[in-house]
Amino acid sequence: MSDRLAVLPQYLLPKQALTLLAGAIARHRGGALTTALIRWFVGRYGVNMAEAADPRIEAYASFNDFFTRALKPGARPLAEAALLCPVDGAISQFGASERDQIFQAKGHHYSTTALVGGDAALAAPYADGAFATLYLSPRDYHRIHMPCAGTLRRMVHVPGDLFSVNPTTARGVPGLFARNERVVCQFDDAQGRPFVLVLVGATIVGSMATVWHGLVNPPRPGVVRDWRYDEAPVVLAQGAEMGRFLLGSTVVMLFTREAMRGQRFNPAWAPGGAIRMGEVMARV
């Protein structure tokens, strides 16, 4: 079966309703029922609870508490590199952007302007720059960390669809990451060069949150929401937590050509390969 045929049912599913239902279940504190759900999930997806700060399944009052669990200190040591991998997961795609085009999958590209919500000025610095698209599966650690030190300048919540973001859907849905709901976070690095970190929503992703704002969605008003931080910038160190997914999804990063000059991506990286937060993403 072709990938486009495989994803056809997703066009017909009531994705918004399913997401609202999943969010309600994930927030519910159901005692023994919640513990049973978490225990099933751990077994079904092979979640490694040994590395969790609290490995006891019964210690989590809600599924969201479990899903956004912290790790033990030292579980993800930080490498010495200009850019660190911000998440656990798998590599979808990475490399150089061609003008304003980002490679999604064979036969599919989308523009940096579409990714950031239609703001051409916000997207302009990333022409002929670099990108990395990283997929978080259900079994992964779901907190997102800073690839480098950064000062937050802007956050944009872009409404959109809620397709799955698994590899089959990435191959079958054109412009997937620029059509799903997403939270665009623009930072300046220590040298004042901008970079963007985008949290992309998906089917049953109940919400996305950042450390400076808390829950960004819900609410879902159906219009672009924009926050500026020039008057009260948020400064985060390399490796610091910046946000989290309540149920899994994808992170897309954009870097300028200037910022990547003299650097290259980790030579061990390849599409489909497993990654861990804190490992080398790019270095001189």
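Located above this text is the structure these notes cover.
These numbers come from a predicted model, not from an experiment.

(A) Representation of the packing of aromatic side chains. Scanning the entire structure with this criterion turns up 16 aromatic pairs. For the ring pair Trp 40 and Tyr 45, a centre distance of 6.5 Å and an interplane angle of 85° mean the geometry is edge-to-face. On the accessibility criterion, Tyr 45 (30% relative accessible area) is partly exposed. Aromatic pair Phe 41 and Tyr 45: ring centres 4.7 Å apart, planes at 45°, arrangement tilted. Of the two residues, Phe 41 and Tyr 45 are both situated in helix H4 (residues 32-45); the distance of four residues between them amounts to about one turn of the helix. Over the ring of Tyr 45 we find Arg 44, and its NZ or CZ is 4.9 Å from the ring centre.

(B) Examining the environment of Ala 240 more closely. Relative to the assigned elements, Ala 240 resides in the loop between strand E13 (234-236) and strand E14 (241-246). Taking the C-alpha atoms as reference points, Ala 240 and Pro 86, 154 residues apart in sequence, are found 9.1 Å from one another. Excluding residues that lie within four positions of it along the chain, Ala 240 makes contacts with Ile 144, His 145 and Met 146.

(C) Structural detail: H4. Over its 14 residues, H4 extends 20 Å from the first C-alpha to the last, a length consistent with the 20 Å expected when each residue adds 1.5 Å. Every buried residue belonging to H4 is among Thr 34, Thr 35, Ile 38, Phe 41 and Val 42, and all of these are buried. An end-on view of H4 places all buried positions within 125° of arc, on one side of the element. Exposed residues lying more than 90 degrees from the buried face of H4 are Ala 32, Leu 33, Gly 43 and Arg 44. Tucked into the core, H4 has its buried residues touching helix H5 (63-67).

Cut-off values and rules
- Residues numbered from 1 in each chain as written.
- Predicted model: local features only at pLDDT ≥ 70, side-chain atom pairs only at ≥ 80, totals over all residues.
- Heavy atoms only, no water.
- Phe/Tyr/Trp six-rings, centres within 6.5 Å; stacked < 30°, edge-to-face > 60°.
- Buried < 20%, exposed > 50% of the residue type's maximum accessible area, 1.4 Å probe, protein only.
- Helix = DSSP H or I, 4+ residues; strand = E, 2+ residues; numbered from the N terminus.
- Lys NZ or Arg CZ within 6 Å of the ring centre and 35° of its normal.
- Contact = heavy atoms within 4.5 Å.
- Expected span 1.5 Å × (residues − 1).
- Arc of directions from axis to C-beta.

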